Amino acid sequence: MKLFVFEHCPYCIKAMMVAGLKKMDVELVYLQNHDVEARIEKVGANLVPILEKPDGSFMAESLEIAAFLDGYDATPLLEPDAQSQSIAGWSEKAYPLASALLYPRWMKIELPEFQCEEANAWFTKNKSASIGMSFDEAYRRTDEFLPKLNALLPEIDWLVLPSERNNVLNYDDVNFFPTLRNFTVIKGIKFPGIIRQYIDEVASLTGIKLYDDVAV
Ligand SMILES: N[C@@H](CCC(=O)N[C@@H](CS)C(=O)NCC(=O)O)C(=O)O
């Protein structure tokens, strides 16, 4: 099977987590960010992740892909979610800060979906419009945004470490780990100890790479 993704995309990470957790033979294919046609021709919409199944058909929607991959061997491992309201509430508060901190940083590190000028220009144009400021301005204002995001992190009080539940992951992990994982690209982020341990444990179980080494 092939999974068409962007490395910075939290929805893609949901699907990649399950493929990694179950050590599946899924080839990751990184589309260029501006290549909208490559998405539309497969699923009729401009969205990743997209899974190409063994029969050649395509499937969109990260959680549907996650469930499909989890059930592929007829032995699903993921437990149901239990914290979706807490996750949604916290994510809504953090979203504007997270966007302003993350978007300019994706342009500053090496990512497979930004391997040509058109891809960078497409992302910069669309996402600077969505945060209402240029990437230069957003990056310059890190000292304003980062303390506010750091202050929100201790409010995440629903995490249970995988090691405290027999390393069995659930849909809360699938939904929320990708957000925390992306924050590792922000130099100076201050994860409370349990969050840092949670990120490291889930990354290790799913084989998802973190950004600590290239944080800016
Ligand atoms: N509901 C979809 C949302 C996926 C989504 O929003 N993907 C974004 C990337 S993070 C996308 O492909 N946007 C189109 C673009 O960047 O041009 C899912 O869960 O898979």
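Details of the structure are given in the entry above.
None of the values given here were measured: they were computed from a predicted structure.

Undergrad: Please clarify how the overall build of the protein chain should be interpreted in this entry.
TA: Secondary structure assignment for the protein chain yields nine helices and four strands. Rg of the C-alpha trace for the protein chain: 17 Å, near the compact-globule value of 17 Å for 216 residues, within the 12% margin. Overall, the C-alpha framework of the protein chain stretches about 50 × 45 × 30 Å when taken along its three principal axes. Here the protein chain holds 216 residues, and 46% of them are scored as buried.

Undergrad: I would appreciate a short explanation of the nonpolar core in the present structure.
TA: Across soluble globular proteins, nonpolar side chains show a tendency to be buried alongside one another. If you look at the biggest cluster of nonpolar residues, it comprises 70 residues, and the most contacted ones within it are Trp90, Trp106 and Phe183. In terms of residue count, the dominant contributor to this core is helix H4 (residues 84–106) (10 residues). Other than its neighbours up to four places away in sequence, Trp90 contacts Leu149, Leu152, Leu153, Glu155, Ile156, Trp158, Phe176, Thr179 and Phe183.

Undergrad: Is there a simple way to explain the site of the ligand in this structure?
TA: If you check the shell around the ligand, you find Phe6, Cys9, Tyr11, Arg39, Asn46, Leu47, Val48, Pro49, Glu61, Ser62 and Trp122 and nothing else. Within the side chain of Arg39, an N or O atom sits 3.2 Å from an oxygen atom of the ligand. In this structure, an oxygen atom belonging to the ligand sits 2.8 Å away from a main-chain N or O atom of Val48. A total of 510 Å² of accessible area belongs to the ligand in isolation, and the protein chains cover 78% of it.

Undergrad: I keep staring at the pattern of salt bridges and nothing clicks. Help me out?
TA: Taken as a whole, this structure holds 10 salt bridges when the rule is applied. Between Arg181 and Glu7 there is a salt bridge; the shortest N-O distance is 2.5 Å. One end of the pair, Arg181, is in helix H8 (residues 171–183); the other, Glu7, is in the loop between strand E1 (2–5) and helix H1 (10–21), and 174 residues separate them in sequence. This pair shows no difference in class: Arg181 is buried, exactly as Glu7 is. One salt bridge connects Glu41 with Lys42, and the closest N-O pair in it is separated by 3.5 Å. Through salt bridges that share partners, Lys22, Asp70 and Asp73 make up one connected network.

Parameters and conventions
- Residues numbered from 1 in each chain as written.
- Predicted model: local features only at pLDDT ≥ 70, side-chain atom pairs only at ≥ 80, totals over all residues.
- Heavy atoms only, no water.
- Helix = DSSP H or I, 4+ residues; strand = E, 2+ residues; numbered from the N terminus.
- Rg over C-alpha atoms; globule rule 2.2 N^0.38 Å.
- Buried < 20%, exposed > 50% of the residue type's maximum accessible area, 1.4 Å probe, protein only.
- Core = buried A, V, L, I, M, F, W, Y, C linked by side-chain atoms within 4.5 Å.
- Contact = heavy atoms within 4.5 Å.
- Near = heavy atom within 4 Å.
- Polar contact = N/O pair within 3.5 Å; in protein donor to acceptor, adjacent residues only side chain to side chain.
- Areas by Shrake-Rupley, 256 points an atom, 1.4 Å probe, with all protein chains shown as cover.
- Salt bridge = Lys/Arg side-chain N within 4 Å of Asp/Glu carboxyl O.

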